[in-house]
Amino acid sequence: KVMDALDSRASDTNPADLKRIGDLALELGVEIREGAKDEAAAAVAMWLFDGSVEELPGGYDKGELDPNSPVKELKSFPQDLVLVGRSSILIKGLSSRLGIPWSLAKEWAPTARDVLRPPLLGDDPTARGEEGRVRFRYVLSTLKEWGKGRASRAVKVLPPPLRTRVAALAVAVQERKERRRKKSQDRN
């Protein structure tokens, strides 16, 4: 959501955009120390994920070690984002040195939008019920597909003898389903 908000903002100074970006940064688990400027969370998000920003909101400096860096306003930073943040900073440094404008938000925003948009709900008329709510059977089928994908990945890492047994079991189950389907068709 942060990547989408950074990519689709109207300007670097628009208060509504800054609030949205800041709120989404806080939603990620970033904690800002008490007494920080209102724009601190937005400045941290822009500093980390958008290298195309010329000036950070709130008058913060872009340098990580500058005395007025948004990093100084951080109370805590989620461990899950440390690697992404460090990688982003390294790439921003390289792109700056080479004179190539680069923004992680611009790179990731299209993928983030695809992930955030529920698949097929708009296209599949059976996915929603009369009240516009998502049908349980659609959720169940999505869960089933996800489970199949996870199971196939798990099988691929099994040792070969065990993988052969699992594959034989899967074929037997599939054959049994096919026989039952044919029997029910013959009855009708």
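Here we summarise the structure given alongside this text. All values reported here derive from a predicted model rather than from experimental measurement.

The rules we used
Residues numbered from 1 in each chain as written. Predicted model: local features only at pLDDT ≥ 70, side-chain atom pairs only at ≥ 80, totals over all residues. Heavy atoms only, no water. Axes fitted to C-alpha atoms, helices over the stretch in contact; angles between N-to-C directions. Helix = DSSP H or I, 4+ residues; strand = E, 2+ residues; numbered from the N terminus. Parallel < 35°, antiparallel > 145°, perpendicular 65-115°, else oblique. Contact = heavy atoms within 4.5 Å. Nonpolar A, V, L, I, M, F, W, Y, C, P; charged D, E, K, R; others polar. 1 Å grid on protein atoms, 1.4 Å probe; cavity = no way out; pocket = protein on both sides within 12 Å on 5 of 7 lines; lining within 4 Å. Points joined across faces, edges and corners; volume = space filled by probe spheres on them. Expected span 1.5 Å × (residues − 1). Polar contact = N/O pair within 3.5 Å; in protein donor to acceptor, adjacent residues only side chain to side chain. Core = buried A, V, L, I, M, F, W, Y, C linked by side-chain atoms within 4.5 Å. Buried < 20%, exposed > 50% of the residue type's maximum accessible area, 1.4 Å probe, protein only.

Turning to the packing of helix α2 (residues 15-27) against helix α3 (residues 40-49), a few remarks are in order. As a packed pair, α2 and α3 sit with axes 7 Å apart at the nearest point and diverge in direction by 80°. Here α2 lies roughly perpendicular to α3, going by the angle between them. Counting all contacts with α2, which are made through Leu-18, Ile-21, Gly-22, Ala-25 and Leu-26, the residues of α3 involved are Ala-41, Ala-42, Ala-45 and Met-46. In terms of residue class, the contact of α2 with α3 is made up of eight nonpolar, one polar and no charged.

Once that is clear, we can look at empty space enclosed by the protein. As enumerated under the stated definition, the model contains one cavity of 30 Å³ or more in all. Quantified by volume, the largest cavity comes out at close to 40 Å³. In terms of residues, the lining of the largest cavity owes the most to one element, α3, which gives four residues. Residues belonging to the lining of the largest cavity are distributed by class as follows: nine nonpolar, no polar and no charged.

Compared with the 18 Å implied by 1.5 Å per residue over 13 residues, the 18 Å span of α2 between its first and last C-alpha is a close match. Where the residues of α2 are buried, they touch α1 (2-7) and α3. Near the N-terminus of α2, the side chain that reaches the backbone nitrogen of Ala-16, with its oxygen 3.1 Å away, is that of Asn-14. Remark: Gly-29 follows α2 within two positions and exhibits a positive phi of approximately 115°.

Here we take up the nonpolar core. Within the largest apolar cluster, 28 residues are counted, with the highest numbers of intra-cluster contacts made by Leu-6, Phe-49 and Leu-56. Those elements giving two or more residues to this core turn out to be α1, α2, α3 and α5 (104-116). If one sorts the elements of this core by residue count, α3 sits on top with 10 residues. If we ignore the near neighbours within four places in the chain, the residues touching Phe-49 are Val-2, Met-3, Leu-6, Leu-28, Val-84, Ser-88, Ser-103, Leu-104 and Ala-105.

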